[in-house]
Amino acid sequence: MAGLESAPAARPSLTSISSGELRSLWTCDCELALLPLAQLLRLQPGAFQLRGDQLVVPGPAEPAATRGGFNVFSDGLVRLDGQLYRLSSYIRRYVELTNYCDYKDYRETILSKPMLFFINVQTKKDSSKERTYAFLVNTRHPKIRRQIEQGMDMVISSVIGESYWLQFDFQEAVKNFLPPGNKVVNGENLSFAYEFKADALFDFFYWFGLSNSTVKVNGKVLNLSSTSPEKKETIKLFLEKMSEPLIRRSSFSDRKFSVTSRGSLDEVFNCSLSPRSSLMEPLLAELPFPCVLESEETPNPFI
C-alpha cells in the first residue's frame, strides 16, 4: 500500500519552463514571473540593450518608452556574468515624497507598467557561481495590483496628515518558489519603498518608527526559463503583450483612493489575444518626476 502513495509535487525547475506553465499569451495567467536576465535581453532587444558597461533602458522621454516596456527598480547597478553594468534609466528602490502631487505621480508611475527587479541566485550545484535573474511583477493582474493599492490606501488612512514609510517586499514569494538549495544573494533587491514626509509639527509616531509598514506581496511565480526555441518565441510574445502601453480612459486625479480600487481594474487588466481596437487612442502619458526616475540625462538629487 505504501507504493500507492502519491509523490509530493516537485518544485518548478530553474532550467526550463514546463509545458503547462504558459498556456497562452493572456497576461491574466501571470502574477509574478522569473527568467534569466540574459534570456530577457535576447527576447526584448527593444527594451534592454548592453552597450559597453551600460545596460540601456529607454527613458520616459524616448520613443521606445511610448511602446510600453517595464519599470525597472534598482540602485543603479546590475551584475551579469560577473560583470557590473550601470543602468541608464531606472526608478530608485527608495524615494522621498513631500507633497500630494509627488505621491500621485509616484503611485501612477509604478502602476503604469510591469515592475522589474534584478536578483542574483546561487544554485545548489555550484554555490561559487551566481546567475542573474529578472523578476517581473505584473501590475495589471488584479491580485497584484490590489495588494499594492490596498497597502498604499491603508497606510494613508492610518496616519492622516503624518509622515510614514512604506515598503513592498517580494522576497517571500521568490524564496518559496526557488528549489531547495538555491539562494537569492541580494534579497534586498526584491523590495522598494517610499517615505512620505508631511509638514507636521509633532510627528511622534514617525519619530519613533511606529508609522513604518511593510507589505509582503504574494502571488504565484511563473517560470519563464526555457531552452526550447519554440517556447522562447511564445515567451517573447507573452512579454510583449504584458508590457504593452496602457490606454488611459480617465485621469488618475479624478479617481478617489479606495481600498479595493475596483474602478481602475477594468482599465488596466487586458487579457485579450486579439489586437486591441483602441490602438489608435492616445497612449499613456508618462508622469516622471526628478525625485523618482533616475537616468543619465537627469542628475541624481539623492547623491
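Looking at an unreviewed UniProt entry, the protein chain carries the name Mesenteric estrogen-dependent adipogenesis protein, with the source organism given as Neophocaena asiaeorientalis asiaeorientalis.

Remarks on the pattern of salt bridges
All told, the structure shown has 8 salt bridges when counted by the stated rule. Between Glu-96 and Lys-197 there is a salt bridge, and its shortest N-O distance comes to 3.5 Å. Here Glu-96 is found in strand S8 (residues 94-97), whereas its partner Lys-197 is found in the loop between strand S13 (191-196) and helix H5 (204-207), with 101 residues between them in sequence. Look at Glu-96 and you get partly exposed, because its relative accessible area is 28%. Ionic pairing is found between Arg-145 and Glu-149, a salt bridge with its closest N-O pair at 3.5 Å. One end of the pair is Arg-145 and the other is Glu-149, both in helix H3 (residues 142-158) and 4 residues apart, which spans about a single turn. An identical accessibility class is assigned to Arg-145 and Glu-149; each is buried.

Describing helix H2 (residues 100-111)
The end-to-end C-alpha distance of H2, which contains 12 residues, comes to 17 Å, matching closely the 16 Å that a straight helix rising 1.5 Å per residue would cover. In terms of burial, H2 is largely enclosed, as 10 of its 12 residues are buried. Of all the positions in H2, only Asp-102, Tyr-103, Lys-104, Asp-105, Tyr-106, Arg-107, Glu-108, Thr-109, Ile-110 and Leu-111 are classed as buried. Between the side-chain oxygen at the start of H2 and the backbone nitrogen of Cys-101 there is a gap of 3.1 Å, and the oxygen is on Asn-99.

What counts, and at which threshold
- Residues numbered from 1 in each chain as written.
- Predicted model: local features only at pLDDT ≥ 70, side-chain atom pairs only at ≥ 80, totals over all residues.
- Heavy atoms only, no water.
- Salt bridge = Lys/Arg side-chain N within 4 Å of Asp/Glu carboxyl O.
- Helix = DSSP H or I, 4+ residues; strand = E, 2+ residues; numbered from the N terminus.
- Buried < 20%, exposed > 50% of the residue type's maximum accessible area, 1.4 Å probe, protein only.
- Expected span 1.5 Å × (residues − 1).
- Polar contact = N/O pair within 3.5 Å; in protein donor to acceptor, adjacent residues only side chain to side chain.

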